[in-house]
Amino acid sequence: MPAMNGSDFMDERSEPHTILTVKDLQVRGENDRLLLDVPQLKIFHGQTIAIKGASGAGKSTLLFALAGLAEHMSGSICWSLPQATDTKQRSSKAQDVIKLSSEARARFRRETLGMIFQDFLLFEEMDALANATISNGYMPRHNKKAVQQRAEQTLRHLGIKDIAKRTIASFSGGERQRVAIARALANDPPILLADEPTASLDRKASDHLIEDLTALVRAQQKTMIVVSHDMSLCEKMDRILEVTDGQITERNDRQKQGKEEAGS
Amino acid sequence: MIDFLPLFMLDLWDALSPFMQDSLLFALYLMPCIMVGLYVSRGSRPLPLVRAMLWQFRWTSLMFVALIATSVALGVGLLAQERGLRKGTAKAAEKFDLIIAAPGSEVTNVLAAVYLQPTDLPLLDGKLYNEIANHDHVSFAAPIAFGDSYQGAPVVGTTLDFLKHLSGDLSKGRAFEKTFEAVIGSAIDLPLGSHFTPAHGMGHTAEADAHEGEAFQIVGRMQPTGSPWDKAILVPVEAVWLVHGMGTGHKPQEGARLGPPFDPDYFPGTPAILVRAEELWANYALKSEFTRKESMAIFPGAVLSQLHTILGDIRSVMSIMAVITQILVAGGVLTGLVILTRLFARRLALLRAIGAPRRFVFSIVWNFAAILIGAGAVSGLGLGFVTTALLSNIISERTDILIKASLQWPEFHLLAGFVSITILLAMIPAGLALLQPAIRDLRA
């Protein structure tokens, strides 16, 4: 997949490209209990968004729903990604993940999303580089070299390159999360979804990771949606969404700031 | 097994060599799992992840492998052991075309005359012996007189003809030429030139000093025969009769002459006579002729065949039990695999979350199972062979019948069938791993 720059998504009037449009999304759990209700949500390309809220409020459910992983969803989650890199002839293909089949959702995730989890979910017996390039197990052969190079580059950028051949079992929490970030970025996805990426780290490691992650995302002009309780992380994001009992409210000051940055 | 094929294919099949037929059957048995493996793993590289999972759950994986290996070893060992016993006993009896003994149990007579198992048998007289020995179709008839022993080795009185028939050329020394000379079996640990005095009887009841003063000199050693005769000591039958105070079978004026003809008036009797016919067909005529009121002619091969049939029936029953065991073990292993996949469910959920195709996730679980089953089956083959070899040695030690352990096509076919079926069944845990929603495992 080619690298996508933020400029590719700006139309001639310099309005930010809407990369995600959520409409009337409802996610239900056992006994038809409503877990999440999002009448409308728009996210622009290149924005970084924090989702915060109390435990059990529905933050992770929202994140998993956006990735097409949640069950019992209704409404629409339309991801709109440009297909051509030529800015003059740009067209975008909208995909409603709710309407996609299970296999099509998987394809969408591997081509479009990078995912980071609270407890890293790495293969302990494999080295850092093997973990970061895990998608080479199922990616088309012609992509493998690019994935390998990108993973090595990201690991180097995150300070892991020298220990990339060590097994994960010997890594600290911060190092593990860096490897997980490298794995998420190895396919060069335009969108990064992170579920509590600093929750398993101490303050110092969290701060370092936040610095590195935000710098990397901004440098590569990715769209990032992060679920987090960590205020240090949330404050670094363009927008903050708050989830309370499955309902989303937005901190307007952050949204405004985000729009200004996206439009500049 | 291949009866369903059209006639022309059956002809084609029959035209193949046995090796080709067995190889094709082996490949045919393995084909389903190879096809599934190729389809499942096509275009992906699941093995690095499978290797990592195997290493992480190495002790559990080893337990599975051991379990599968044990069940395969049971089936393989049973087949190999039964064949080894069958071949060993048949080889031990191959020099004994026809035995004539007093009426009684055929099995007992064969066990005594062929396998030298200690038994008290009634004696045949000299008149009958001469009738047999002088028969037109008889090449030679050798009395086999047993009952004495030395250090547990049976001392058997017989003739030079029988010695030559049994051993051919000797491996060391020469055949007995005098009454108190002896030729030892290949497994007897006594030097040539040494002397011994036989005990009367065998085993615990043997009387060591019953023949005191009667010393035999060992003058030769036989070639190995793979039969209990390797642990026997052959002496002239005249010597056996002499040490029992029964004369020599010859007139006194004939002196110390050895071998036939014997004088019926001086013939002390023999429990069994080995008969070698001039022609193969004559054996049947001789059997018929000498199966009468005072004698019984036995084909040891036919008796063995009956025993083998019983052995085969036992093998069949045990094979069914082994197959049931294998089915139970396969079921247990697959159930265990379902449980084991729950242990790495989060990793599988991660793969699905990051967009791995369902077939890739399926292939990880399937390859994991296939490697355990394959490793277990190959280990089982080795374990089965080693167990069979050990058991064969023990049986050979105890019976002196040379039982050789070997792996042959039936074992490989059994293995291929087991592997194929269980690996196909391994699709069940692999499929079940996909049924669980990824989000539940990610949040677990």
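### Side note on the interface of chain B and chain A
In many reports, interface size means the accessible area that the parts give up when they come together. Tallying the contact residues gives 26 residues for chain B and 26 residues for chain A. With both sides pooled, the region where chain B packs onto chain A buries about 2,400 Å², and carbon together with sulfur makes up 62% of that total. Inspection of the region where chain B meets chain A yields three salt bridges. Across the pair Arg-346 of chain B and Asp-119 of chain A runs a salt bridge whose closest N-O atoms are separated by 2.5 Å. The interface formed by chain B and chain A holds eight residue pairs in polar contact (both at pLDDT 80 or more) in total. Of all elements in the fold, only helix H3 (47-56), helix H11 (345-353), helix H12 (358-399) and helix H15 (438-443) of chain B reach the threshold of two or more residues within the side of chain B that touches chain A. For the side of chain B that touches chain A, a count of residues per class yields 16 nonpolar, three polar and seven charged.

### Some words on the nonpolar core
General note: in soluble globular proteins, nonpolar side chains tend to be found buried as a group. Counting 95 residues, the largest nonpolar core has Leu-25, Ile-77, Trp-79 and Ile-225 of chain A together with Leu-351 of chain B as the members making the most contacts within it. At 13 residues, H12 of chain B tops the list of elements feeding residues into this core. Excluding its chain neighbours within four sequence positions, the residues that come into contact with Trp-79 of chain A are Ile-19, Leu-20, Leu-66, Lys-93, Ala-94, Gln-95, Val-97, Phe-108, Ile-191 and Ile-225 of chain A.

### A short note on the packing of helix H5 (residues 173-185) of chain A against helix H6 (residues 203-219) of chain A
Residue and element names in this part refer to chain A. The contact between H5 and H6 brings their axes to 10 Å, and the two run at 15°. Between H5 and H6, the angle is such that the two are roughly parallel. For the pair H5 and H6, the crossing hand works out as right-handed. Where H5 approaches H6, its residues Gly-174, Gln-177, Arg-178, Ile-181 and Leu-185 are matched on the opposing element by His-208, Leu-209, Asp-212, Leu-213 and Leu-216. A breakdown of the residues in the contact of H5 with H6 according to their chemical character gives five nonpolar, three polar and two charged.

### Regarding helix H6 (residues 126-133) of chain B
Residues and elements named next belong to chain B. Taken as a whole, H6 has its buried residues at Gly-126, Leu-128, Tyr-129, Asn-130 and Ile-132. Buried residues in H6 make contact with strand E1 (98-101), strand E2 (138-150), strand E10 (272-277) and helix H9 (280-290). The N-terminus of H6 is capped by Asp-125, whose side-chain oxygen sits 3.3 Å from the backbone nitrogen of Lys-127.

### What about the domain arrangement of chain B?
Residues and elements named next belong to chain B. Once the domains are mapped, chain B shows domain 1 (7-91 + 307-443) and domain 2 (98-298). Of note, the centres of domain 1 and domain 2, computed from C-alpha atoms alone, are 51 Å apart. Counting residues at the interface gives seven residues for domain 1, matched by six residues for domain 2. Across the domain 1 to domain 2 interface the summed buried area is about 640 Å²; carbon plus sulfur atoms make up 52%. Seen at the junction of domain 1 and domain 2, the total is zero salt bridges.

### Observations concerning the pairing of strand E3 (residues 153-158) of chain B
Remember that side chains alternate between the two faces of the sheet whenever the strand is regular. All names here are of chain B. In terms of residue burial, E3 counts as a mostly covered element, since six of its six residues are buried. Burial along E3 is two-sided: Ala-153, Val-155 and Gly-157 and Pro-154, Val-156 and Thr-158, pointing in opposite directions, are all buried. Pairing of E2 with E3, which is carried by four bridges, proceeds in the antiparallel orientation. Pairing of Ala-145 across the sheet is with Gly-157, part of E3. Linking two consecutive strands that pair antiparallel, namely E2 and E3, is a turn of two residues; a positive phi of about 50° is found at Gln-151 within it. Of the strand pairs in this sheet, E3 and strand E9 (residues 233-236) are connected by four bridges, and their pairing is parallel. The residue of E9 that forms the bridge with Gly-157 is Val-235.

### Description of a nonpolar patch on the surface
Residue and element names in this part refer to chain B. Residues Val-107, Leu-111, Leu-307, Ile-310, Ile-314, Val-317, Met-318 and Met-321 make up a contiguous nonpolar surface patch of about 660 Å² in total accessible area. Elements represented by at least two residues in the nonpolar patch include exactly helix H5 (106-113) and helix H10 (300-343). Tracing the chain through its elements places Met-318 in helix H10. Classification of Met-318 as partly exposed rests on a relative accessible area of 38%.

### Here we look at the side chain of Asp-230 of chain A
All names here are of chain A. Looking at the element boundaries, Asp-230 is found in the loop between strand E8 (223-227) and helix H7 (231-234). We classify Asp-230 as buried; its relative accessible area is 9%. One polar contact links Asp-230 to Thr-198, side chain to side chain, over a distance of 2.9 Å.

### Examining the packing of aromatic side chains
Residue and element names in this part refer to chain B. Tallied over the full model, the rule gives 20 aromatic pairs over all chains. Here Phe-180 and Phe-216 contribute two aromatic rings whose centre-to-centre distance is 4.9 Å and whose plane-to-plane angle is 55°, an arrangement assigned as tilted. Within this pair, whereas Phe-180 is found in the loop between strand E4 (172-173) and strand E5 (181-184), its partner Phe-216 is found in strand E8 (residues 216-221), the two being separated by 36 residues in sequence. Given the relative accessible area of 1%, Phe-216 is considered buried. Through a chain of ring-to-ring contacts, the aromatic side chains of Phe-19, Phe-26, Trp-409 and Phe-412 assemble into a single cluster. Positioned over the ring face of Trp-55 is Arg-58, at 4.2 Å from the centre of the ring.

Rules behind the numbers
Residues numbered from 1 in each chain as written. Chains lettered and ligands numbered in written order. Predicted model: local features only at pLDDT ≥ 70, side-chain atom pairs only at ≥ 80, totals over all residues. Heavy atoms only, no water. Contact = heavy atoms within 4.5 Å. Buried area = accessible area lost by both parts, 1.4 Å probe. Salt bridge = Lys/Arg side-chain N within 4 Å of Asp/Glu carboxyl O. Polar contact = N/O pair within 3.5 Å; in protein donor to acceptor, adjacent residues only side chain to side chain. Helix = DSSP H or I, 4+ residues; strand = E, 2+ residues; numbered from the N terminus. Nonpolar A, V, L, I, M, F, W, Y, C, P; charged D, E, K, R; others polar. Core = buried A, V, L, I, M, F, W, Y, C linked by side-chain atoms within 4.5 Å. Buried < 20%, exposed > 50% of the residue type's maximum accessible area, 1.4 Å probe, protein only. Axes fitted to C-alpha atoms, helices over the stretch in contact; angles between N-to-C directions. Parallel < 35°, antiparallel > 145°, perpendicular 65-115°, else oblique. Left-handed = near helix turned anticlockwise from the far one by under 90°. Domains from an automatic or database assignment. Pairing = 2+ DSSP bridges. Patch = residues over 30% accessible without salt bridge, like charges linked within 9 Å, V, L, I, M, F, W, Y side chains within 5 Å. Areas by Shrake-Rupley, 256 points an atom, 1.4 Å probe, with all protein chains shown as cover. Phe/Tyr/Trp six-rings, centres within 6.5 Å; stacked < 30°, edge-to-face > 60°. Lys NZ or Arg CZ within 6 Å of the ring centre and 35° of its normal.

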